[in-house]
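Tertiary structure, described
Each chain is listed here by its residues.
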Amino acid sequence: MRVLVVEDARALAEVVAEGLRDQGMAVDLAHDGLTAAAKIDVNAYDVVVLDRDLPGLHGDTICQMITDRDGDRSMVLMLTAAGSADDRVRGLTLGADDYLAKPFHFPELVLRIRALARRRPAARGRTLRAAGLELDPVTRTATRAGVALHLSVKEFAVLEALMRAAPAFLSSEDLLEQVWDENADPFTNTVTVTVGRLRRKLGDPPVITTTPGVGYRIAPAG
């Protein structure tokens, strides 16, 4: 899952971003409305966590930019100190999909982001199945042939990305974008290392195949 956190309070933004990354999300940051608009134009986000009172462009303007788009779009969670009933109505009228007032309880923020990602029109079913694997993004559980897999946060996120893409390939760059974030070093070997650990945990016969110059995928049945 890829998330954009738009928050001008840098300390809060960093805390939220690190917490979401610990939950296996790829998180980008913007500290003003103009930067947020530029990132939204070039990246596909599942959820945008959006403060309203932003420098550059107001959060309400950013919200309308997102919700006015045709077809698939990011879900919007307004996260703001303006928490009165009128503020919530205003935010939802602009097209926000959810509204959470500051101060907030971090586990609730995580649950709301995951709920929004599931509601996104492009989202698939709750449980992913391929090659004898079952993965539930909500409960953060994965099994192979009914046996529980004990995966790290990044291993789980890589497996989820591959299962969502199956039977298509994902390149290392695709995985960096979906599982890590915009600050990931494109020359790092972290994808190779993580996929290697994941393969060992999945066991035999192998279910992740690699085609040099193309990428990784879940092996088609048969």
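Residues numbered from 1 in each chain as written. Predicted model: local features only at pLDDT ≥ 70, side-chain atom pairs only at ≥ 80, totals over all residues. Heavy atoms only, no water.

- In the nomenclature of an unreviewed UniProt entry, the protein corresponds to DNA-binding response regulator from the organism Paractinoplanes durhamensis.

1. What about the sheet that holds strand S9 (residues 147–148)?
- In spatial order, the strands read S6-S7-S8-S9; together these four strands make up an open sheet with antiparallel pairing. Of all strands in the sheet, those with a lone pairing partner are strand S6 (128–130) and S9, marking the two edges.
- Where strand S7 (residues 133–136) lies against strand S8 (residues 141–144), four bridges are found, and the strand directions are antiparallel. Looking at the pairing, Leu133 lines up with Arg144 of S8.
- Set on the sheet, helix H6 (residues 153–165) makes contact with S6, S7 and S8; between it and S7 the angle comes to about 110°. (Pairing = 2+ DSSP bridges. Helix = DSSP H or I, 4+ residues; strand = E, 2+ residues; numbered from the N terminus. Contact = heavy atoms within 4.5 Å. Axes fitted to C-alpha atoms, helices over the stretch in contact; angles between N-to-C directions.)

2. Points about the nonpolar core
- The biggest cluster of nonpolar side chains holds 28 residues, and the ones touching the most others in it are Leu159, Leu175 and Ile208.
- At eight residues, the largest contribution of residues to this core is made by H6.
- Among all residues touching Leu159, those that are not within four sequence positions of it are Leu133, Leu135, Ala142, Leu151, Leu198, Leu202 and Ile218.
- Formed by 20 residues, the second largest nonpolar core is a distinct cluster that contains Val16, Leu77, Val110 and Ala117. (Core = buried A, V, L, I, M, F, W, Y, C linked by side-chain atoms within 4.5 Å. Buried < 20%, exposed > 50% of the residue type's maximum accessible area, 1.4 Å probe, protein only.)

3. Examining the pattern of salt bridges
- This model, assessed by the stated rule, comprises 15 salt bridges.
- With a closest N to O distance of 2.7 Å, Glu7 and Lys102 form a salt bridge. Pair noted here: Glu7 is in the loop between strand S1 (2–6) and helix H1 (10–22) and Lys102 is in the loop between strand S5 (98–101) and helix H5 (106–119), with a separation of 95 residues, a long-range link.
- Exposure remark for Glu7: the relative accessible area of 4% places this residue in the buried category.
- Residues Arg21 and Glu18 are paired through a salt bridge, measuring 2.6 Å at the closest nitrogen-oxygen approach. In this pair, Arg21 and Glu18 are both assigned in helix H1, three residues apart and thus about one turn of the helix distant.
- Its relative accessible area of 16% is what places Arg21 among the buried residues.
- Judged by relative accessible area, Glu18 falls into the partly exposed class, the value being 40%.
- One continuous salt-bridge network, built from bridges that share partners, spans Arg2, Asp28 and Glu177. (Salt bridge = Lys/Arg side-chain N within 4 Å of Asp/Glu carboxyl O.)

4. Description of the environment of Val193
- With respect to the secondary-structure elements, Val193 resides in helix H8 (residues 190–202).
- Separated by 160 residues in the primary sequence, Val193 and Gly33 have C-alpha atoms spaced 36 Å apart.

5. What to know about the packing of H1 against H5
- Packing of H1 against H5 brings their axes to within 11 Å, and their N-to-C directions diverge by 60°. When the axis of H1 is compared with that of H5, the two are oblique. In this structure, H1 crosses over H5, and the sense of that crossing is right-handed. Mapping the contact onto sequence places Val16, Gly19 and Leu20 in H1 and Phe106, Leu109, Val110 and Ile113 in H5.
- For the contact of H1 with H5, the per-class residue count stands at six nonpolar, one polar and no charged. (Parallel < 35°, antiparallel > 145°, perpendicular 65-115°, else oblique. Left-handed = near helix turned anticlockwise from the far one by under 90°. Nonpolar A, V, L, I, M, F, W, Y, C, P; charged D, E, K, R; others polar.)

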